[in-house]
Amino acid sequence: MAHIRTQVGIIGAGPAGLLLAHLLHKAGVDSVVLERQARPYIEARIRAGLLEQGSVDTLHDAGLADRLHREGLAHDGMQLRLAGRDCRIDLHGLTGKRVTIYGQQESVKDMVAARLATGRPLFFEASEVALHDIATTAPRITFTHEGAAHELRCDVIAGCDGFHGPSRAAMPAEVLRVYERVYPFAWLGILADAKPVSHELIYARHPDGFALATMRSETVSRLYLQCAPDEDPANWPDERIWEGLHARLGGVNEGRITQKGVTPMRSFVAEPMRHGRLFLAGDAAHIVPPTGAKGMNLAVADIRVLAPALLAFFARGDERLMDAYSATALRRIWKVQRFSWWMTAMLHNSNGNDPFEDRVQAAELAHVMDSEAAQRFLAEQYVGLPYDA
Ligand code: APR
Ligand code: PHB
């Protein structure tokens, strides 16, 4: 078995793992990144595409935002729609901040390129990744790469391996507390070669279900429809999708559908986010439903807490920020969980299963549309809560 030595073993090359690797490298701390998938797979994986201003600023400060600044679409507002009535939320007017549309896989491409340019290891198609001795000061990761067994010895492991990765599962069951909600609906999402119907995003609540019109560029629309949780996309031929979108969004531009997929909806938090020398970040520790697109933004926020904590440890042996990591990250995570749950409840309907809830949530949305105070409440969370809150 080949032995490798590094300071931080990072499992997962999503936004969390790649950003952490980059910030550590800039500050002179070494890491090795292990990714289960091949590079083309992670660079093509379609996820949400909305960045809080703080996420953009974080990527900018890290030197990762050149293409994001050129190609990202800055948005000063968004639209809510209820029973045919539209209301613009003036995000910039209410908060002084804006959001940026930039596909998550584009950020991943930028960060993979930045990592490879450093010459430090990023192993794609690493299989059988397993964590060992996490409660000691000498944790290890074993894995297989190109048919050969490897052992990675490190000081710290960063579990950035998403919801299904091995890191969270390596924590002893008796220390882990899990909080979860599974929603009785999902999103059917499409990418289409069609001009976005509006420059700004439109979130609609409709008796047939939620719909969202977003975009990836001036010529590519990203559109979502509420569907059943176990929906087979085959039940949604193109005509049915367009019919549903027209009805719920009051008309969209049609075009060739280039991608179709179902996104399940779940709220999930695992506490604590640290055990011994294992630190969880991003989807490995928490999942939000996609309404409001907080997933990648939360991963960035976690790394903003984790990177300085690890740097203080490696620079001075100072463990105070590492000790505070879980509690510090979770304070903001729970507020964002609350926001994602609230947006989800307000915009989806129960398909007739809970008429009282449907009436109350429609009233919630009507209240937001009628009240500037409620719009400010939405806007300050939509553009991103401050990191030090
Ligand atoms: N070994 C190595 N890598 C693994 C393993 C494993 N056993 N299991 C999963 N991974 C990899 C995945 O292939 C993926 O590339 O870990 C990575 C985790 O990345 P993401 O799922 O993108 O999670 P994260 O970096 O936390 O970013 C959160 O991604 O899932 C979206 O909606 C979510 O936008 C949010 C963002
Ligand atoms: C997206 O562009 O994919 C997107 C945007 C906003 C959301 C969810 C998804 O709330």
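Calculation criteria
- Residues numbered from 1 in each chain as written.
- Chains lettered and ligands numbered in written order.
- Predicted model: local features only at pLDDT ≥ 70, side-chain atom pairs only at ≥ 80, totals over all residues.
- Heavy atoms only, no water.
- Helix = DSSP H or I, 4+ residues; strand = E, 2+ residues; numbered from the N terminus.
- Expected span 1.5 Å × (residues − 1).
- Buried < 20%, exposed > 50% of the residue type's maximum accessible area, 1.4 Å probe, protein only.
- Arc of directions from axis to C-beta.
- Contact = heavy atoms within 4.5 Å.
- Domains from an automatic or database assignment.
- Buried area = accessible area lost by both parts, 1.4 Å probe.
- Salt bridge = Lys/Arg side-chain N within 4 Å of Asp/Glu carboxyl O.

(A) Local environment of helix α11 (residues 355-370). With 16 residues, α11 extends 22 Å between its outermost C-alpha atoms, agreeing within 8% with the 22 Å of an ideal straight helix rising 1.5 Å per residue. Taken residue by residue, α11 has Asp-358, Gln-361, Leu-365, Val-368 and Met-369 as its buried positions. Axial view of α11: buried residues confined to an arc of 105 degrees, hence all on one face. Exposed and oriented more than 90 degrees from the buried face of α11 are Pro-355, Phe-356, Arg-359 and Asp-370. Against the buried residues of α11 lie β6 (78-82), β7 (85-89), β15 (202-205), α10 (320-347) and α12 (372-382).

(B) How the structure looks around the domain arrangement of the protein. Each domain of the protein was delimited in the assignment, giving domain 1 (2-76 + 98-179 + 267-344) and domain 2 (183-265 + 351-383). For domain 1 and domain 2, the distance between their C-alpha centroids amounts to 29 Å. The interface of domain 1 with domain 2 comprises 27 residues on the first partner and 26 residues on the second. Between domain 1 and domain 2 lies a buried interface of about 2100 Å² when both sides are counted; carbon and sulfur atoms form 67% of it. Counting every contact that joins domain 1 to domain 2 gives zero salt bridges. Secondary-structure elements contributing two or more residues to the side of domain 1 that touches domain 2 are β5 (73-75), β8 (99-101) and α10.

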